[in-house]
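# A look at the structure
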Amino acid sequence: MKTIKILTVIITLSFFSTCHVFLPSDPGSSPRDIFYNIWSDFNKMYAFFDIKGIDWDEVYRDFSPRISNSMSERELFDVVAEMLELLDDAHVSLSSPFAHFRGGGWLDTVNVEPFSLDVVRTHLNNGGTFVGNRMFLYGTFSSNPRIGYIYIAGFAHGSAAVANQDWVRAIDDITQSLADTDTLVLDTRGNRGGLIANVDYIASRFVLAQSNYAQIRTKNGAGRNDLSAPITEAIRPAGTRYTKPIVLLTNRQTISGGEWFALALRSQGHVTHAGGITAGAFSLGLERSLINGWLYTVSVQIVTDINGICHEGTGIIPEYALTNTLDEIMAGKDAQLEFAKNYFIARNK
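Residues numbered from 1 in each chain as written. Predicted model: local features only at pLDDT ≥ 70, side-chain atom pairs only at ≥ 80, totals over all residues. Heavy atoms only, no water.

### A look at the packing of helix 3 (residues 56-63) against helix 4 (residues 73-85)
What counts, and what does not: Only the stretch in contact is used when fitting a helix axis, every axis being a line fitted to C-alpha atoms; angles between N-to-C directions are given from 0 to 180 degrees. To qualify as a helix, a DSSP run of H or I must reach at least 4 residues; to qualify as a strand, a run of E must reach at least 2; elements of each kind are numbered from the N terminus. Any angle that is under 35 degrees is reported as roughly parallel, and any over 145 degrees as roughly antiparallel; angles of 65 to 115 degrees are reported as roughly perpendicular and all others as oblique. For a crossing to be left-handed, the near helix must be turned anticlockwise from the far one by less than a right angle; the clockwise case is right-handed. We call two residues in contact when some of their heavy atoms are within 4.5 Å. Three residue categories are used. Nonpolar comprises Ala, Val, Leu, Ile, Met, Phe, Trp, Tyr, Cys and Pro, charged comprises Asp, Glu, Lys and Arg, and polar comprises the others, including Gly.
Two numbers describe how helix 3 lies on helix 4: the axes approach to 11 Å, and their chain directions differ by 150°. One finds that helix 3 runs roughly antiparallel with respect to helix 4. You can see that helix 3 and helix 4 cross each other, and the crossing is right-handed. Of helix 4, the residues touching helix 3 (which contributes W56, V59 and F63) are V79, E82, M83 and L84. Its residues placed into classes, the contact of helix 3 with helix 4 shows 6 nonpolar, no polar and 1 charged.

### Some thoughts on the packing of aromatic side chains
Using the following cut-off: We call Phe, Tyr and Trp rings a pair once their centres come within 6.5 Å, taking the six-membered ring for Trp, and we label the pair stacked below 30 degrees between planes, edge-to-face above 60, and tilted otherwise. Only protein chains enter the accessibility calculation, which uses a 1.4 Å probe; a residue whose area is less than 20% of its type maximum is buried, one above 50% is exposed, and one in between is partly exposed.
If you walk through the whole model with that rule in mind, you get 21 aromatic pairs. Ring geometry for F42 against W56: centres 6.1 Å apart, planes inclined by 40°, an arrangement best described as tilted. With a gap of 14 residues between them, F42 in helix 1 (residues 31-45) and W56 in helix 3 connect regions that are remote in the sequence. W56 matches F42 in its accessibility class, with the two residues each being buried. Put simply, the rings of F42, Y46, F48, F49, W56 and Y296 touch in pairs and so form one group of aromatic residues.

### Focus: unusual backbone geometry
The phi dihedral of N126 falls on the positive side, at around 55°, and the residue is not glycine. Of note, the phi angle at N133 is positive, near 55°, even though the residue is not glycine. Of note, N133 is situated in the loop between strand 3 (129-131) and strand 4 (136-141). Look at N133 and you get partly exposed, because its relative accessible area is 49%.

### Looking at the pattern of salt bridges
As a working rule, side chains carrying opposite charge can pair if their charged atoms are close by. Our working rule: Here, a salt bridge means any Lys or Arg side-chain nitrogen found within 4 Å of an Asp or Glu carboxyl oxygen.
Counted under the stated rule, the structure contains 10 salt bridges. One salt bridge connects D41 with R288, and the closest N-O pair in it is separated by 3.0 Å. Placement of the pair is D41 in helix 1 and R288 in strand 11 (residues 285-289), with a sequence separation of 247 residues. We note that D41, like R288, is buried. Here the salt bridges do not stand alone but share partners, grouping D187, R189 and D334 into one network.

Following this line, the structure appears as structure tokens:
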């Protein structure tokens, strides 16, 4: 039987150019001090306690009795990770020299929505073409060359902190090469997020008209409602554009910057959103350090769509929601892709 690689997602943090947050100082280095420091930081900085209905004081009462100054570093790490897991947030993490924790469960096998780029390539003429450091795959369908296809793996190549992100420029050559197609499948399933600047750069190639698509408020104080004034994010036309009918595909592993991209494209009338619900992790994950050298990230922003709806923790529901099964993918079938490929044909009959 042919071996098919099931894609996994590598979650990267979204980085923004400006962010003012409340940053408390570090206390002592005992296990009790470490525990209280991280609990206190989240108490002051985490943006979603009210939205997620989490009583953080009750969490402290439940977990603090489990902390003793005689426990090992590994025991302390496991208790803190268990506490942070309650937030169910993919932008929350905890790292030490001996272990790493990432919240949200999006990498757990039970939560991975089946998707294989190998299967997609069997539908494309000559398997499609990789460009932009393999961040893009594009081509036309062998069953109908009038339908174009673009896959976007993520919005940062390598570490999001790497300055050289020239790979994004390949999008103009791609849209130019697909200019003669009638419709386009724009596939962001498994998209691992990245830099919002790259989200805006690529999204601008699929814009008919400038449109506001999101609002951002950032924690700037210790109180639950200490948030900055909202900043509006807009999508603007630029570069070599493709503005014919588009079906945008997402799934449960479309996360962070991939979800910003979905919000942006959903503001455009020629774009239809199909596939699976997205991950539901929009906020900036701000990195903090503990006195013992551990690092952690905390979500400090509330992001809503332009109608004020926050999709954090729930994800964006497509207009046409459908899922793949592992058995179908292993058999070389991709129901989400088939729907996208045939959507405009079926609608125009």
